[in-house]
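The lines below spell out each chain.
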Amino acid sequence: MLTYGYIRVSSTDQNEDRQILAMQGLEIQPENLFIDKQSGKDFDRPSYKKLTAKLAAGDLIYIKSIDRLGRNYEEILEQWRILTKEKGVDIAVLDMPILDTRQYKDLIGTFIADLVLQVLSFVAQNERETIRQRQSEGIKAAKARGVKFGRPPKELPENFGELVKKWERGEIKLREVLGLCGMKTTTFYKKLSEYRMLKGIKTTP
């Protein structure tokens with residue numbers, strides 16, 4: 001029997017130290033600790049795939065919390081079923097000791113553990129949906145107050161008009177204009193269109 005640990009953080013900007021610290025002292029060999037730094041958007045996670053490919057019946061997996069297994073209620077339950085039923089491995093959830101399949105090998109114990117799992121999976125999904133709703137409401141409220149989101153618009157250089165005229169006369173190349181303006185081609189043409197509209201300049205058909 002081998003002991004594994006699985007850790008997931010929702011993006012490369014987050015730190016996995018909290019989950020690693022929780023697994024210290026669990027006799028997990030470094031090569032048996034699998035970490036994914038990406039969202040739970042899907043299960044195309046390289047470390048998770050490597051872990052499940054190595055698992056054998058009787059192995060043990062530690063996870064910090066139940067939502068590390070999936071992005072929603074259905075996926076958490078499905079992954080739990082695959083790991084415990086199909087692969088025959090044990091799972092221990094550190095944040096919820098009752099979710100430790102080593103403790104429930106009889107029929108009633110398994111029923112109780114599965115029931116608790118379903119409740120916690122639902123709660124985890126509900127919390128995520130509540131957070132997303134609050135974020136959405138917060139963004140709408142901020143927009144209503146005039147708060148701007150995203151990158152600030154690219155400012156035009158003071159000599160933009162002069163550069164455009166030189167470019168149109170063929171005196172300088174487009175790449176020179178882009179370099180002087182610090183813009184990409186698509187941004188330049190967008191700003192050029194806005195500039196012409198502002199100045200009332202008609203483009204040649």
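What you are looking at is a predicted structure, and each value in this text was computed from that prediction instead of being measured.

Caption draft 1: Up close: the pairing of strand S2 (residues 33-37). Residues Phe34 and Asp36 line the buried face of S2, whereas the alternating positions Leu33, Ile35 and Lys37 sit on a face that is not buried. Looking at chain direction, strand S1 (residues 3-9) and S2 are connected through five bridges and run parallel. Residue pairing in the sheet places isoleucine 7 in a bridge with isoleucine 35 of S2.

Caption draft 2: Region of the structure containing the pattern of salt bridges. Counted according to the given criterion, the structure contains ten salt bridges. Where glutamate 16 meets lysine 37, a salt bridge forms, and the shortest distance between an N and an O atom there is 3.4 Å. With glutamate 16 in the loop between S1 and helix H1 (17-22) and lysine 37 in strand S2, the pair connects residues that are 21 residues apart, well separated along the chain. Across the pair lysine 166 and glutamate 162 runs a salt bridge whose closest N-O atoms are separated by 3.6 Å. One end of the pair, lysine 166, and the other, glutamate 162, are both in helix H5 (residues 160-168), four residues apart, so they sit about a helical turn from each other. A residue is classified by how much of its surface remains accessible, and lysine 166, at 28% relative accessible area, is partly exposed. For glutamate 162, a relative accessible area of 46% gives the class partly exposed. Via salt bridges that share partners, Glu78, Arg81 and Glu86 belong to a single interconnected network.

What counts, and where the lines are drawn
Residues numbered from 1 in each chain as written. Predicted model: local features only at pLDDT ≥ 70, side-chain atom pairs only at ≥ 80, totals over all residues. Heavy atoms only, no water. Buried < 20%, exposed > 50% of the residue type's maximum accessible area, 1.4 Å probe, protein only. Helix = DSSP H or I, 4+ residues; strand = E, 2+ residues; numbered from the N terminus. Pairing = 2+ DSSP bridges. Salt bridge = Lys/Arg side-chain N within 4 Å of Asp/Glu carboxyl O.

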